[in-house]
Amino acid sequence: MDTTETTPLRAVALVCTLSPSPSPSSSQLLAEQTMAALAEHGVTGKVIRVADHDVKAGVEVDMGEGDAWPEIRDTVLGCDILVLSTPIWLGHPSSVAQRVLERLDAEIGESDDEGRMLTYGKVAAVCVVGNEDGAHKVSADLFQGLNDVGFSLAPNAVTYWVGEAMQGTDYQDLDKTPEKTAATTTTLAANTAHLARRLKAAPYPASS
């Protein structure tokens, strides 16, 4: 067996619901399901609900006293996989997800001894939930932002669920996970873990 298939991996899921704990969250549920699917591929890690922490506005690594981002950033940089989970609000990722991307923007100015961004070699995936159409648009926004700040994306790196338009059902209110969403989550996990292991074994070349 290829030893890269058993290389231990770490992941963190940043849940970008607007509601702090202990409020129920569909974004958190789908993130937890994604982390469980990743665990089937030897990936360990944790889920962080960003709204539970005082992440300051800005585009710097550290925005000063009271900023919770540096600790979250350390967790992200200590992992091989970042899962970003967001609800859809007014056809867009949540403002919390946008803030996470803005804070990750600081990574463009950070590099290792060979000139590569510190996020190079790390793989990202996206979870999206909402009660209107728009999962493809939201994932496209997040994909571009994550790629800009150095993350790689595997094929089918998004899992999502959207309810019927103008209805009030939440993902967390469903009696069971829809088969299509479950299958998509499984594919995301397999492809993301596979790519993360390949990049861990064969890093990107040094930047000139």
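Scroll up for the structure.
This report concerns the structure included in the present document. Predicted model only: the values in this text are computed from it and were never measured.

The rules behind the values
- Residues numbered from 1 in each chain as written.
- Predicted model: local features only at pLDDT ≥ 70, side-chain atom pairs only at ≥ 80, totals over all residues.
- Heavy atoms only, no water.
- Helix = DSSP H or I, 4+ residues; strand = E, 2+ residues; numbered from the N terminus.
- Expected span 1.5 Å × (residues − 1).
- Buried < 20%, exposed > 50% of the residue type's maximum accessible area, 1.4 Å probe, protein only.
- Contact = heavy atoms within 4.5 Å.
- Polar contact = N/O pair within 3.5 Å; in protein donor to acceptor, adjacent residues only side chain to side chain.
- Core = buried A, V, L, I, M, F, W, Y, C linked by side-chain atoms within 4.5 Å.
- Patch = residues over 30% accessible without salt bridge, like charges linked within 9 Å, V, L, I, M, F, W, Y side chains within 5 Å.
- Areas by Shrake-Rupley, 256 points an atom, 1.4 Å probe, with all protein chains shown as cover.
- Salt bridge = Lys/Arg side-chain N within 4 Å of Asp/Glu carboxyl O.

Now for helix α1 (residues 26-39). An α-helix turns once every 3.6 residues. As a result, residues three or four positions apart point the same way. Counted at 1.5 Å a residue, the expected span for α1 with its 14 residues is 20 Å, and the 20 Å between its end C-alpha atoms agrees. Those residues of α1 lying buried are S26, S27, Q28, L30, A31, T34, M35, A37 and L38. Residues of α1 that are buried make contact with β1 (9-15), β2 (43-49), β3 (81-89), β5 (123-130), β6 (152-162) and α5 (179-201). Among the residues of α1, the N-terminal cap falls to S25, whose side-chain oxygen and the backbone nitrogen of S27 are separated by 3.3 Å.

Attention now goes to the nonpolar core. In terms of nonpolar packing, the biggest core is built from 29 residues, with L14, L82, L84, V100, L104, L146 and F151 touching the most fellow members. Put simply, the parts of the chain that give this core at least two residues each are β1, α2 (69-77), β3, α3 (95-104), β5 and α4 (135-148). With residues up to four places along the chain from it excluded, the contact list for L82 reads V12, L14, V76, L104, V123, A124, A125, L146 and F151. Counting residues in each nonpolar core, the second largest holds 21 residues, with L30, A31, A37 and Y171 among its members.

Bringing a nonpolar patch on the surface into the picture now. Nonpolar side chains collect at one region of the surface, where L18, W89 and L90 lie side by side and expose about 390 Å² of accessible area between them. Along the chain, L90 turns up in the loop between β3 and β4 (92-93). With relative accessibility at 83%, the residue L90 sits in the exposed group.

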